[in-house]
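Report on the structure
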Amino acid sequence: MPPYYSVKEAVFPFLKFPGADTILGPEMKSTGEVMGVGLTFAEAFVKSQLAAGDDLPPLGKGKVFVSVRDEDKPKTVEIARKLAALGFPLVATRGTAAALAAAGLAVTPINKVQEGRPHIVDMMKNGEISLIINTVEEKRTALRDSYAIRRAALQERVTLITTLDGARAACTGMEHAAELRPYVMQRLHARLLEKAA
């Protein structure tokens, strides 16, 4: 096993396709991939996100919006707790907010777009949201309902995470973001040879 971590990330040019949905299906093809390398998983993950153009926010800068499907709500509590500990105020749709509040977390409920203003897209346009965690059911109606959120995130350049594994990795990455440093790849590869000897 190498004495360092490597994390690959696919690159999708959604900004070049106005109106395209950022939810990935099996037919989607990336236009390339990037890789982050670090002595820890956190360092490699953050570097992969930076290289793909998805900047994770600095600790405590802006609010985190959370909206997850019902089956993900119990697992989201741990992630929300970590985000709050990192200094991010939490904003969530009513169902997700109720689940987080029941777990003892401070959270501000916000309207979905179809529930009227002020809603989450307004907050994004006002620069209040710095990170979005949004999992959706694969039903057409659910995908349509969250389309406005995904499009606004893309247009306002707000990092959007659509899986709980990605959200956990982002929390770990933000927690250790100060550890980023450059490496000479030849030296890292030389360490592989040393380890094998």
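Residues numbered from 1 in each chain as written. Predicted model: local features only at pLDDT ≥ 70, side-chain atom pairs only at ≥ 80, totals over all residues. Heavy atoms only, no water.

To continue, consider the overall build of the chain. Scanning the chain from terminus to terminus reveals seven helices and seven strands. Along its sequence from the N terminus, the chain presents helices and strands in the succession β-β-α-β-α-β-α-β-α-β-α-β-α-α. Buried residues in the chain amount to 39% of all 197 residues. Look at the contacts in the chain between residues 6 or more apart in sequence, and 69% of them connect residues 24 or more apart. Total accessible area on the chain is roughly 11000 Å²; 55% of this is exposed by carbon and sulfur atoms. (Helix = DSSP H or I, 4+ residues; strand = E, 2+ residues; numbered from the N terminus. Buried < 20%, exposed > 50% of the residue type's maximum accessible area, 1.4 Å probe, protein only. Contact = heavy atoms within 4.5 Å. Areas by Shrake-Rupley, 256 points an atom, 1.4 Å probe, with all protein chains shown as cover.)

Take helix 3 (residues 94-102) next. The complete set of buried residues in helix 3 reads Thr96, Ala97 and Leu100. Across the axial projection of helix 3, the buried residues extend over an arc of 100°, all falling on one side. Taken from the residues just after helix 3, Gly104 is the one with a positive phi, measuring 90°. (Arc of directions from axis to C-beta.)

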